[in-house]
Amino acid sequence: MLETRSLAARRGFATLFQGLGFALAAGEALVVSGPNGCGKTTLLRMLAGLSAPAEGEICWDGASVRPFDAKLREAVAFNGHLPALKDELTAFENLAAWTTLENERADAQAIDRALADVALARRARIPARALSQGQRRRIGLARLSLSRRRLWILDEPLTALDSDGVEVLETLLAAHLEGGGLVVAASHQALPVPTANLRPLDLATVPGGSHG
Amino acid sequence: MSPTAVPQPDAASVSAAFAWALGRDLRIALRSKAELGVQLMFYVIVVSLFPLASSPSREVLATLGPGVLWTAALLASLLSLPRLFAADFGDGTLEQIALSPRPLPALVSGKMAAHWLTTGLPVAVLAPLLGEQYAMDGTELWILAAALLLGTPILSLLGAIGATLTLGARGGGSLLALLVLPLYAPVLIFGAGAVDAVRSGLSAGPQLSLLAAGLLLALVGTPFAVAAAVRIALD
């Protein structure tokens, strides 16, 4: 489903990684680990179609895709380390704006339910600037729960989440993988994914890294 | 690498994307009214400083008027440009917009339209009032407003190209001024020229037609240029 061939990333003259190839099938979660600065976020942005690889190619459903490919944009839910929340808008409005943008037919009730699932029901109607870091991440989780995209790309999904939040993430990931979805996540901690679906990738072991 | 089957966005999805971006940006702008007020106050103050600094004779003021009102409109537009994309770039919204299945040129068009409605349009409405300070008569004020109505959208459109190209650049604000102000020059020349023409007893038709032509050209071209610049900025 998602496949890379001899993928390489450079920053300036430094090679972050090269010759990276993997194939991820439906229902599998690729968890990328490695020290800071080894190119985890760079890899995720390439797979999301935000930036072009220095070398190699990325294939989605058997076809080679370039950055901002239309097919990839239909399939990817990208949850980067930036929250993409507008402080001026409420949690509800933020979520409603995103579901509309992404064509995820979700009505007001579905959005309210998604916010209730991440324990934000009572904070849904106040501006997002009044929310804590963890609550902001929870809006991201609510967004994933409304998403019917097949490929979830998550950059450090555990950051700022409390144990309840991690539990919500676990449920979401399990349901997504069971439904044949794919997950690519960068994480320093162990991601709550069933081991049968887990495909670990340690970028430090990929050749080309200039780090120790 | 199949070149086929790239779905072309249809009219409905284009207008939906445009409406989405326009509505969202307008809503955010209305919630941060102070920022809008600052820009308008800036325009009012700059325009009002010139009569204080120069001779109060009607002739001098009447000569200065159109140029001052237009230059101040350029500066007010420039002042608001960083806000157009920088906030969305900083909080990750721009990534999500660029990754959405909706057509990006339509989305950025909605943002540019919201920018004009919140900065260009108020300037065009205010200008005839401020023109009174420059001893401009009724016809001149009407022509001034008409020229600004045609010209300020061009400022928002051209400015958006500069704003996206300078995303993420250090000292983006001053770089933006260097990049955008020369592009604004033709708009300034024809805009201020329209009022001068009326004062000399000529028709403002040619200047207004040129502004309208420039606007059409910018409307067609800039959404694609800005969309391309957004993708480059995110890479």
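Now for a quick tour of the structure.

How each quantity is defined
- Residues numbered from 1 in each chain as written.
- Chains lettered and ligands numbered in written order.
- Predicted model: local features only at pLDDT ≥ 70, side-chain atom pairs only at ≥ 80, totals over all residues.
- Heavy atoms only, no water.
- Helix = DSSP H or I, 4+ residues; strand = E, 2+ residues; numbered from the N terminus.
- Rg over C-alpha atoms; globule rule 2.2 N^0.38 Å.
- Buried < 20%, exposed > 50% of the residue type's maximum accessible area, 1.4 Å probe, protein only.
- Pairing = 2+ DSSP bridges.
- Axes fitted to C-alpha atoms, helices over the stretch in contact; angles between N-to-C directions.
- Contact = heavy atoms within 4.5 Å.
- Buried area = accessible area lost by both parts, 1.4 Å probe.
- Salt bridge = Lys/Arg side-chain N within 4 Å of Asp/Glu carboxyl O.
- Polar contact = N/O pair within 3.5 Å; in protein donor to acceptor, adjacent residues only side chain to side chain.
- Nonpolar A, V, L, I, M, F, W, Y, C, P; charged D, E, K, R; others polar.
- Right-handed = clockwise from strand over helix to strand, strands pointing away.
- Parallel < 35°, antiparallel > 145°, perpendicular 65-115°, else oblique.
- Left-handed = near helix turned anticlockwise from the far one by under 90°.
- Lys, Arg positive; Asp, Glu negative; His and termini not counted.
- Patch = residues over 30% accessible without salt bridge, like charges linked within 9 Å, V, L, I, M, F, W, Y side chains within 5 Å.
- Areas by Shrake-Rupley, 256 points an atom, 1.4 Å probe, with all protein chains shown as cover.

Here the focus is the overall build of chain A. In terms of helices and strands, chain A carries 6 helices and 9 strands. Taken over the C-alpha trace, chain A has a radius of gyration of 17 Å; the compact-globule value for 212 residues is 17 Å, and the two agree within 12%. Structurally, chain A occupies a C-alpha span of about 50 × 35 × 35 Å along its principal axes. In chain A, which comprises 212 residues, the proportion classed as buried is 54%.

Residues and elements named next belong to chain A. Strand order in the open sheet formed by 4 strands is S2-S1-S4-S5, and the pairing between neighbours is antiparallel. The outermost strands of the open sheet, each flanked by one partner alone, are strand S2 (14-24) and strand S5 (63-65). Neighbour-to-neighbour, the strand axes of this sheet turn through a mean angle of 35°, independent of strand direction. With 5 bridges joining them, strand S1 (residues 2-11) and strand S4 (residues 55-60) adopt antiparallel strand pairing. By the bridge assignment for S4, Ala-8 is matched with Glu-55.

Attention now moves to the sheet that holds strand S9 (residues 198-202) of chain A. The strands making up a sheet associate through hydrogen bonds between their backbones, and the pairing can be parallel or antiparallel. Residue and element names in this part refer to chain A. Pairing in this open sheet of 5 strands is parallel, and the strands run S6-S7-S8-S3-S9 from one edge to the other. Taken across any chain shown, the strands that pair with only one partner, and hence form the sheet edges, are strand S6 (76-79) and S9. When strand polarity is set aside, the average angle formed by the axes of neighbouring strands in this sheet is 15°. Pairing of strand S7 (residues 151-155) with strand S8 (residues 182-186) involves 5 bridges; the strand directions are parallel. Following the sheet pairing, Asp-155 is matched in S8 by Ala-186. Sheet strands touched by helix H1 (residues 40-48): strand S3 (29-33), S6, S7, S8 and S9. Its angle to S7, the strand with the most contacts, is close to 155°.

Let's shift gears to the interface of chain A and chain B. Listed as interface residues are 29 residues of chain A and, on the opposing side, 27 residues of chain B. When the two sides are added together, the surface that chain A and chain B hide from each other amounts to roughly 2800 Å², 56% of it contributed by carbon and sulfur. Of all residues in chain A, Arg-73, Lys-86 and Leu-101 of chain A give up the largest surface area on contact with chain B, accounting jointly for 24% of the area buried on that side. Linking chain A with chain B are 5 salt bridges. Its salt-bridge partner being Asp-91 of chain B, residue Lys-86 of chain A comes within 2.8 Å of it at the nearest N-O pair. Linking chain A to chain B there are 15 residue pairs in polar contact (both at pLDDT 80 or more). Among the secondary structure elements, those contributing two or more residues to the side of chain A that touches chain B are H1, helix H2 (70-75) and helix H3 (91-101) of chain A. No other element matches H3 of chain A, which puts 5 residues into the side of chain A that touches chain B. Looking at side-chain class alone, the side of chain A that touches chain B contains 14 nonpolar, 6 polar and 9 charged residues.

The subject of this paragraph is unusual backbone geometry. Residue and element names in this part refer to chain A. The backbone phi angle of Ser-6 is positive, close to 40°, even though this residue is not glycine. Looking at the element boundaries, Ser-6 is found in strand S1. One non-glycine residue with positive phi stands out, namely Phe-68, at about 60°. Relative to the helices and strands, Phe-68 is located in the loop between S5 and H2.

All names here are of chain A. Where burial is concerned, most of S7 is hidden: 5 out of the 5 residues are buried. Bridge count between S6 and S7: 4 bridges; the pairing is parallel. When the sheet's bridge partners are listed, Asn-79 is paired in S7 with Leu-154. Regarding topology, helix H6 (residues 163-178) serves as the crossover connection from S7 to the parallel S8, and that connection is right-handed.

Residue and element names in this part refer to chain A. Counting buried positions along H1 yields 8 of 9 residues, so the element is predominantly enclosed. Here H1 has its buried residues at Lys-40, Thr-42, Leu-43, Leu-44, Arg-45, Met-46, Leu-47 and Ala-48. Just downstream of H1, Gly-49 is the residue with a positive phi angle, here 90°.

This brings us to the packing of helix H6 (residues 138-165) of chain B against helix H8 (residues 205-234) of chain B. All names here are of chain B. Running from N to C, H6 and H8 point in directions that differ by 20°, and their axes come no closer than 8 Å. It follows that H6 is roughly parallel to H8 by the angle criterion. Crossing handedness for the pair H6 and H8: left-handed. In terms of residue class, the contact of H6 with H8 is made up of 22 nonpolar, 4 polar and no charged.

With that settled, the discussion passes to the side chain of Lys-40 of chain A. All names here are of chain A. Along the chain, the position of Lys-40 falls in helix H1. In this structure Lys-40 is buried but unpaired, with Glu-156 as the nearest side chain of opposite charge at 4.9 Å. From its side chain, Lys-40 meets the backbone oxygen of Gly-34 in a polar contact 2.8 Å long. Once residues lying within four places of it in the same chain are set aside, the contact partners of Lys-40 are Val-32, Ser-33, Gly-34, Pro-35, Glu-156, Ala-186, His-188 and Leu-203.

All names here are of chain B. A cluster of nonpolar side chains, namely Met-41, Ile-45, Leu-49, Phe-50, Leu-52, Val-60 and Leu-64, defines an oily patch on the protein surface of about 640 Å² accessible area. Elements represented by at least two residues in the nonpolar patch include exactly helix H2 (33-53) and helix H3 (58-90). Counting residues per element, the nonpolar patch draws most heavily on H2, at 5 residues. Mapped onto the fold, Phe-50 is located in helix H2. Accessibility expressed as a relative area gives 37% for Phe-50, which makes it partly exposed.

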